[in-house]
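One letter stands for each residue in the lines below.
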Amino acid sequence: MEAVKLEFPTLPPSKEDAEDWSYPKRREMQEILPGLFLGPYSAAMKSKLPILQKHGITHIVCVRQNIEANFIKPNFPHQFRYLVLDIADNPVENVIRFFPMTKEFIDGCLQNEGNAQHFYYSLTVNKR
């Protein structure tokens with residue numbers, strides 16, 4: 001059997017050096033790749049609308065647990081396009097199954113509209 005060599009596209013260079021990302025900024029959204037932001041749920045709360053607009057955010061991926069659905073919701077359904085993922089916060093959750101739809105959502109934003117995205121999450125980090 002012939003070995004299969006996988007090739008992946010290279011990531012674009014970050015807007016800022018990797019050292020610019022710092023954990024103390026974890027309560028703010030940060031641009032991790034050109035046009036792609038990462039931040040906590042608090043970075044996409046109603047009081048943050050001017051900041052989201054300033055950065056040209058058009059799409060938001062919301063990652064939450066099922067039990068959080070009543071209080072972690074899209075805050076601006078008429079201003080932004082949302083992808084809401086209900087993912088259990090446990091070590092046996094198969095998060096890989098969400099990768100294709102999330103990639104499609106991100107690619108669609110970056111290719112079709114060219115505007116920034118913002119990710120927010122409410123999952124904790126399992127240290128098991």
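Please read all numbers here as calculations on a predicted model, not as lab measurements. (Residues numbered from 1 in each chain as written. Predicted model: local features only at pLDDT ≥ 70, side-chain atom pairs only at ≥ 80, totals over all residues. Heavy atoms only, no water.)

> Would you take a moment to explain the overall build of the chain for this structure?
In terms of helices and strands, the chain carries 2 helices and 5 strands. For the chain, the succession of helices and strands along the chain, N to C, is β-β-α-β-β-α-β. Counting the 128 residues in the chain, one finds 34% classified as buried. Carbon and sulfur atoms make up 56% of the accessible area of the chain, which totals about 9300 Å². (Helix = DSSP H or I, 4+ residues; strand = E, 2+ residues; numbered from the N terminus. Buried < 20%, exposed > 50% of the residue type's maximum accessible area, 1.4 Å probe, protein only. Areas by Shrake-Rupley, 256 points an atom, 1.4 Å probe, with all protein chains shown as cover.)

> When you look at the nonpolar core in this model, what are you seeing that I'm missing?
Side chains that are nonpolar tend, in soluble globular proteins, to be buried together. Membership of the largest hydrophobic core is limited to 11 residues, which are Met 29, Phe 37, Ala 43, Ala 44, Leu 49, Leu 52, Ile 57, Ile 60, Phe 76, Phe 80 and Tyr 82. Of all the elements in the fold, those that place two or more residues in this core are helix H1 (49–54) and strand S3 (57–64). Val 61, Leu 85, Ile 87 and Phe 105 belong to the second largest nonpolar core, which has 7 residues in total. (Core = buried A, V, L, I, M, F, W, Y, C linked by side-chain atoms within 4.5 Å.)

> Where do I start with the pairing of S3 in this structure?
A regular strand places its side chains so that they alternate between the two faces of the sheet. Judged by how many residues are buried, S3 sits mostly within the fold: 8 of 8 residues are covered. By the bridge criterion, 6 bridges tie S3 to strand S4 (residues 81–86) in an arrangement that is parallel. Each bridged residue has a counterpart across the sheet, and for Val 63 the counterpart in S4 is Leu 85. (Pairing = 2+ DSSP bridges.)

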